[in-house]
Amino acid sequence: FKNIFAAMSKLSLLTKLSLKFCLNNKLDDQGLQELSSCINNLKCLNALLISFSWCNATFTEAAFGKFILQLSGKTKLKSLVLHFPNCFKTVTNGILLKLGETLAQIKGLENFELDISGCSEVTDKGINGIFHKIGAERLERVSLNFMGCKEVRVKAIENIMEVMKKLKELRLVIVKVKSSKELK
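Before going into details, it helps to say that this report is about the structure given with it. Please read all numbers here as calculations on a predicted model, not as lab measurements.

## Re the pattern of salt bridges
Right, so step 1: Taken as a whole and judged by the stated rule, the model has six salt bridges.
Right, so step 2: Where R141 meets E110, a salt bridge forms, and the shortest distance between an N and an O atom there is 3.8 Å. Pair noted here: R141 is in strand β5 (residues 141-145) and E110 is in the loop between α4 (93-104) and β4 (111-115), with a separation of 31 residues, a long-range link.
Right, so step 3: On the basis of relative accessible area, R141 is assigned to the partly exposed category, the value being 28%.
Right, so step 4: Across the salt bridge formed by K168 and E140, the nearest N and O atoms sit 3.8 Å from each other. Separated by 28 residues along the polypeptide, K168 in the loop between α6 (154-163) and β6 (169-173) and E140 in the loop between α5 (124-133) and β5 bring together distant segments of the chain.
Right, so step 5: According to the relative accessible area criterion, K168 is exposed, its value standing at 66%.

Calculation rules
Residues numbered from 1 in each chain as written. Predicted model: local features only at pLDDT ≥ 70, side-chain atom pairs only at ≥ 80, totals over all residues. Heavy atoms only, no water. Salt bridge = Lys/Arg side-chain N within 4 Å of Asp/Glu carboxyl O. Helix = DSSP H or I, 4+ residues; strand = E, 2+ residues; numbered from the N terminus. Buried < 20%, exposed > 50% of the residue type's maximum accessible area, 1.4 Å probe, protein only.

Next up, the structure:
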């Protein structure tokens, strides 16, 4: 990916970027760092979609945390779409908490889409951490997919709704989340 990311980072007028790493197990810590550098060089970027669907990625949580932190410098970013469907153990509560901290620093963010369907390591802590940290009251459009996240409870999803004051559009996919009764 190194040469692709290097070439892409020279597209100085690029405003929208969509990257899909489907069925990929080659993206490691070094590749994630190269991707971070590429995105950091795209000064006009206002829309970013990154998909890691069905990836058995070899990058560490620490490396992914650094990648997420790089996004905080993208002050023109209005739309962020992150897809991690069926990444199982790649997405953790720690990743989601770092994501929330980073998104809080992107003041112009209006649209946020997160697909963590099938991510078995995610719990209420991670879900609540994203939205309470980012100042979700400024988001206008949100799309969330928690399908198959076995440790996410209904109450966590209700808490998300309470903090989104300016929401104009909501897309929500929930299949089989736990109620408080099921946890006992």
